[in-house]
Amino acid sequence: MAEPILSMRGVNKSFGPIDVLHDINLEVHAGQVLCLLGDNGAGKSTVIRILSGVHKPSSGEVLMDGKPVLFPNPRAASDHGIATVHQFGGTFPLMSIGRSFFVGREPTKWAGPFKVYDRKTANEIAVRSVREFGITRIDDGDRLVGGLSGGERQALAIARAVHFGARVLILDEPTAALGVKEAAHVLRIVLQAKRRGVAVIFITHQVTHALTVGDHFAVLIRGAKAADFRKGEKSREEITDLMAGGEAMAELEAEIESHVAIHSDRT
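Quantities reported herein were computed from a predicted structural model and do not represent experimental measurements.

Enquirer: How should I be thinking about helix H1 (residues 44–51) in this particular structure?
Expert: Because each turn of an α-helix spans 3.6 residues, side chains separated by three or four positions end up pointing in the same direction. Most of H1 sits inside the fold, with six of its eight residues counted as buried. Listed in full, the buried residues belonging to H1 are Lys44, Thr46, Val47, Ile48, Ile50 and Leu51. Where H1 ends, the next residue or the one after it, glycine 53, has phi of about 85 degrees, a positive value.

Enquirer: Looking at this structure, how should I read the pairing of strand S10 (residues 199–204)?
Expert: Moving residue by residue along a regular strand, the side chains alternate between the two faces of the sheet. Judged by how many residues are buried, S10 sits mostly within the fold: six of six residues are covered. Of the two faces of S10, the one carrying Ala199, Ile201 and Ile203 and the one carrying Val200, Phe202 and Thr204 are both buried. Both strand S3 (residues 33–37) and S10 contribute to a ladder of five bridges, which runs parallel. Looking at S10, one finds that leucine 36 is bridged to isoleucine 203. Inspection of the sheet shows strand S9 (residues 168–172) paired to S10 by five bridges, in the parallel sense. Counterpart to leucine 169 in the pairing with S10 is valine 200. Following the chain from S9 across helix H6 (residues 180–195) to the adjacent parallel S10, one finds a crossover that is right-handed.

Enquirer: I keep staring at the pairing of strand S8 (residues 114–117) and nothing clicks. Help me out?
Expert: Where strand S7 (residues 108–111) meets S8, four bridges bridge the pair, whose relative direction is antiparallel. Paired with tryptophan 110 across the two strands is lysine 115, which belongs to S8. Here S7 folds back onto S8 in antiparallel fashion, the turn holding two residues, of which glycine 112 has a positive phi close to 65 degrees.

Enquirer: Mind showing me how you'd approach the packing of aromatic side chains here?
Expert: Two aromatic rings are characterised by how far apart their centres lie and by the angle between their planes. Within the structure shown, the criterion is met by four aromatic pairs. Ring geometry for phenylalanine 102 and phenylalanine 164: centres 5.7 Å apart, planes at 90 degrees, overall edge-to-face. Of the two residues, phenylalanine 102 sits in the loop between helix H3 (97–101) and S7 while phenylalanine 164 sits in the loop between helix H5 (150–163) and S9, which places them 62 residues apart along the sequence. Among the residues examined, phenylalanine 102 registers a relative accessible area of 5% and is labelled buried. For phenylalanine 164, a relative accessible area of 27% translates into the label partly exposed. Joined through ring pairs, the aromatic side chains of Phe101, Phe102 and Phe164 make up one cluster.

Enquirer: Is there a simple way to explain the side chain of serine 7 in this structure?
Expert: Mapped onto the secondary structure, serine 7 falls in strand S1 (residues 6–15). Classification of serine 7 as buried rests on a relative accessible area of 6%. Sequence-distant contacts of serine 7, defined by excluding residues within four places in its chain, comprise Leu26, Glu27, Glu61, Val62 and Leu63.

Enquirer: Where do I start with the environment of glycine 43 in this structure?
Expert: Here glycine 43 lies in the loop between S3 and H1. Measuring from C-alpha to C-alpha, the distance between glycine 43 and arginine 222 comes to 6.4 Å, with 179 residues separating the pair along the chain.

Enquirer: Quick question: what am I supposed to make of the pattern of salt bridges here?
Expert: Side-chain pairs of opposite charge can arise where the charged atoms are in close proximity. Applying the stated criterion across every chain yields a total of nine salt bridges. Taking the shortest distance from any N to any O, the salt bridge between glutamate 106 and arginine 99 comes out at 3.9 Å. You can call arginine 99 partly exposed: its relative accessible area is 34%. In this structure, lysine 120 engages glutamate 124 in a salt bridge whose closest nitrogen and oxygen atoms are separated by 2.7 Å. On the criterion of helical spacing, the pair formed by lysine 120 and glutamate 124 is a turn pair, its members being four residues apart in helix H4 (residues 119–132). Since its relative accessible area comes to 57%, lysine 120 is described here as exposed. Owing to a relative accessible area of 42%, glutamate 124 belongs among the partly exposed residues under this scheme.

Enquirer: Please explain the side chain of serine 52 as it appears in this structure.
Expert: Positionally, serine 52 belongs in the loop between H1 and strand S4 (59–64). Setting aside anything within four residues of it in sequence, one finds serine 52 in contact with Asn73, Pro74, Ala77 and Thr84.

Enquirer: Any chance you could explain the layout of surface pockets here in plain terms?
Expert: Rolled over the atoms, a probe with the dimensions of a water molecule shows which regions are left empty. In this structure, the largest pocket occupies an estimated 890 Å³ of space. In this structure, the second largest pocket spans a volume of roughly 190 Å³. Taken together, Gly134, Ile135, Thr136, Arg137, Ser149, Gly151, Glu152, Lys181, Glu182, His185 and Arg188 form the lining of the second largest pocket. When residues of the lining of the second largest pocket are traced back to their parent elements, those giving at least two are H5 and H6. It is H6 that contributes the most residues to the lining of the second largest pocket, four residues altogether. Here the lining of the second largest pocket is built from residues that sort into one nonpolar, five polar and five charged.

What counts as what
Residues numbered from 1 in each chain as written. Predicted model: local features only at pLDDT ≥ 70, side-chain atom pairs only at ≥ 80, totals over all residues. Heavy atoms only, no water. Buried < 20%, exposed > 50% of the residue type's maximum accessible area, 1.4 Å probe, protein only. Helix = DSSP H or I, 4+ residues; strand = E, 2+ residues; numbered from the N terminus. Pairing = 2+ DSSP bridges. Right-handed = clockwise from strand over helix to strand, strands pointing away. Phe/Tyr/Trp six-rings, centres within 6.5 Å; stacked < 30°, edge-to-face > 60°. Contact = heavy atoms within 4.5 Å. Salt bridge = Lys/Arg side-chain N within 4 Å of Asp/Glu carboxyl O. 1 Å grid on protein atoms, 1.4 Å probe; cavity = no way out; pocket = protein on both sides within 12 Å on 5 of 7 lines; lining within 4 Å. Points joined across faces, edges and corners; volume = space filled by probe spheres on them. Nonpolar A, V, L, I, M, F, W, Y, C, P; charged D, E, K, R; others polar.

Just geometry here; none of it tells us what the structure is for.
Shown next, in the form of structure tokens:
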């Protein structure tokens, strides 16, 4: 198999005395979807923040194309071709579709001696890019982003990332707040990005959605990788049981601690 585009090797992360990630090893390849599964508090968000340049590992390393890299900030990760789309698309409700698509990278044209924002070009490119991902209802780049549905906002953010050359697309719970129809459309967009050769990291706690798009799966429980498997190697029920095992273990440990505390008080 070819070298992974992005990987983590032996990554640990601590915040003061609190250990959040423990010896995380992950890799994602071009044209594949890595599904990162886990319940709330499993460590998924910390993994995202390390890969997107928000946090630095306490130890271990991140590699791109097999070479160690260090992202001092999110801009550095973006410059390496890593784009992160958060749950609500990271778009700007009071901006137009065209302006939101190009925020920070606005096309310009000359108006006499001055360079001004080229609204026509921005709108044409934004609308075309989104429609290429199947969102045919969008046909006006002047329309406000706030008028779009949750699925359409996700499509806009993903189309933007792909347009600007993302090699790795990190999707943070992209279907969590969506209805069945909208979630299905977002999943189709993920598959389109995969077909274009983009490496996708799909973070979710919804097993059905993961199985729809995933090639490779990793389950995190309390900051450690509890399972790592390929498509077809585990059933939906087995994956659900794995994730539920993390909750059960946490509840069991809390019950034990409570019992010990009560017993200590009595003695």
